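These are the residues of each chain, in order.
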Amino acid sequence: IGQVHRAVLPTGEPVVVKVQYPGVDEACESDLKQVRLALRLTGVFKINKKLQDKLFAEMQDSLSAELNYKIEAHNLQVFAAFHAPLDSKVIIPKVYPEYSTRRVLTLSEELGDSIETAATWSQELRNELGQRLFRLISQEVFYLHSFHTDPHPGNFAFRADGSVVVYDYGSTKTLSNEIVAINKQLVQAAFARDIPALEQALVALHVRSDKGDIPEEFYKQWIDILISPLDGEYDFAKNTAHHDAVVMAKKSLKYWDSFLPSAETMMLNRTISGQYWNMISLKVNDNFRPLLEEVVTLQDSASSN
């Protein structure tokens, strides 16, 4: 939606300047309408209009926020203030408000290496970067209730001291306390293999429809696939979770009508799947279970039960 240029302030400070293309907001609006029309014509969305409207409203809200650099400037300041006391090695660019507008954003230049370069570093360092990436996203979701939703690898840079630089806070999502609590229930139920609690959470998130009965074995098979990268030491360079998911998806077609796309989970799913691929690119080999327990308090929940 724009270009990024290096520049130098009158004070001599190196900065980067994001400049939005003229008319890009109208173009994006038109493109979104065309996508919606195409999906309706091809019958991809076999869901009621009310749900279609919710899904597209979610897309439109996200896109509108990305097109307003004043919103991104505010997000950068909020997330930088959130992470600063938690981890000094989470680096978020500083905003220069006096050189920023709705379509121009001036930020401190925060250099780092690409994910491809970081993938050549030692296993110990790659694991540290993976842990930091996992922790920062988890803390945003479960502590701040607002998170970075554009996990494209180009939006992250990595340093040899273990630091992670996060760019582009134009796309973020804020979650209600209720939705965060339901997601905690979902994670806890998955690890406990508590199928009634898991299905209850899926209903509350509007993922599970009121059609059909689902056998417990179906849920357990999906749980085994989806939490495998989080349940004990896992080698992302040799992972099979996404391959297993494709195989399982083919077996799941008979239950297709029992599930729905959900506006409540759309951006979170985007973030989780994107970070999964970032871990693969970094070739992380580590155990994320303790970090997940830290933010979701799985152990506290288990002991209270």
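As shown above, the structure is provided for reference.
Conventions and cut-offs
Residues numbered from 1 in each chain as written. Predicted model: local features only at pLDDT ≥ 70, side-chain atom pairs only at ≥ 80, totals over all residues. Heavy atoms only, no water. Phe/Tyr/Trp six-rings, centres within 6.5 Å; stacked < 30°, edge-to-face > 60°. Helix = DSSP H or I, 4+ residues; strand = E, 2+ residues; numbered from the N terminus. Lys NZ or Arg CZ within 6 Å of the ring centre and 35° of its normal. Salt bridge = Lys/Arg side-chain N within 4 Å of Asp/Glu carboxyl O. Buried < 20%, exposed > 50% of the residue type's maximum accessible area, 1.4 Å probe, protein only. Arc of directions from axis to C-beta. Contact = heavy atoms within 4.5 Å. Polar contact = N/O pair within 3.5 Å; in protein donor to acceptor, adjacent residues only side chain to side chain. Pairing = 2+ DSSP bridges. Axes fitted to C-alpha atoms, helices over the stretch in contact; angles between N-to-C directions. Parallel < 35°, antiparallel > 145°, perpendicular 65-115°, else oblique. Left-handed = near helix turned anticlockwise from the far one by under 90°. Nonpolar A, V, L, I, M, F, W, Y, C, P; charged D, E, K, R; others polar.

I tried to follow the packing of aromatic side chains on my own but got confused; where do I start?
One pair of aromatic rings is described through two measures. These are the centre distance and the angle between the planes. All told, the structure shown has 10 aromatic pairs when counted by the stated rule. For the ring pair Phe-134 and Phe-288, a centre distance of 4.6 Å and an interplane angle of 5° mean the geometry is stacked. Highlighted residues: Phe-134 in helix H5 (residues 123-144) and Phe-288 in the loop between strand S10 (285-287) and helix H11 (289-296), separated in sequence by 154 residues. Among the aromatic residues, those joined into a ring-pair cluster are Phe-134, Tyr-234, Phe-236, Tyr-276, Trp-277 and Phe-288. For the cation-ring pair, Arg-208 lies above Phe-259, with the distance from its terminal atom to the ring centre recorded as 5.8 Å.

Please clarify how the pattern of salt bridges should be interpreted in this entry.
Side-chain pairs of opposite charge can arise whenever the charged atoms involved come near each other. Scanning the model with the defined rule gives 13 salt bridges in all. Here Arg-132 makes a salt bridge to Asp-87, at a shortest N to O gap of 2.7 Å. Of this pair, Arg-132 sits in helix H5 while Asp-87 sits in the loop between helix H3 (69-83) and strand S3 (90-91), placing them 45 residues apart in sequence. Neither residue differs from the other here; Arg-132 and Asp-87 are each classed as buried. For Glu-128, the salt bridge goes to Lys-89, with nearest N and O atoms at 3.9 Å. Here the residue Glu-128 occupies a position in helix H5, and Lys-89 occupies one in the loop between H3 and S3, the gap between them amounting to 39 residues. Residues joined in a network through salt bridges with shared partners are Asp-87, Lys-89, Glu-128 and Arg-132.

For this particular structure, what's the right way to read helix H7 (residues 195-204)?
Counting along an α-helix, one turn takes 3.6 residues, and residues three or four places apart therefore face a common direction. Looking at H7, one finds that the buried residues are Ile-195, Ala-197, Leu-198, Ala-201 and Leu-202. An end-on view of H7 places all buried positions within 165° of arc, on one side of the element. In H7, the exposed residues that point more than 90 degrees away from the buried face are Pro-196 and Gln-200. Next to the buried residues of H7 lie helix H6 (177-192) and helix H8 (216-226). With a side-chain oxygen lying 3.2 Å from the backbone nitrogen of Ala-197, the N-terminal cap of H7 falls on Asp-194.

What should I look at first to understand the pairing of strand S1 (residues 2-8) in this one?
Side chains on a regular strand alternate between the two faces of the sheet. One ladder, built from 7 bridges, connects S1 with strand S2 (residues 14-20); its direction is antiparallel. Each bridged residue has a counterpart across the sheet, and for Arg-6 the counterpart in S2 is Val-16.

Explain the packing of H6 against H7 to me, please; I cannot follow it from the model alone.
Axis angle and axis distance: for two packed helices, these are the angle between their axes and the distance between the axes, and together they describe the pair. Running from amino to carboxyl end, H6 crosses H7 at an angle of 150°, the nearest separation of the two axes being 8 Å. Considering the angle they form, H6 stands roughly antiparallel to H7. Note on packing geometry: the crossing formed by H6 with H7 is left-handed. On H7, the residues that touch Ile-182, Gln-185, Leu-186, Ala-189 and Ala-190 of H6 are Ala-197, Leu-198, Gln-200, Ala-201, Leu-202 and Ala-204. By residue class, the composition of the contact of H6 with H7 is 9 nonpolar, 2 polar and no charged.

Worth remembering: the numbers are spatial, not functional.
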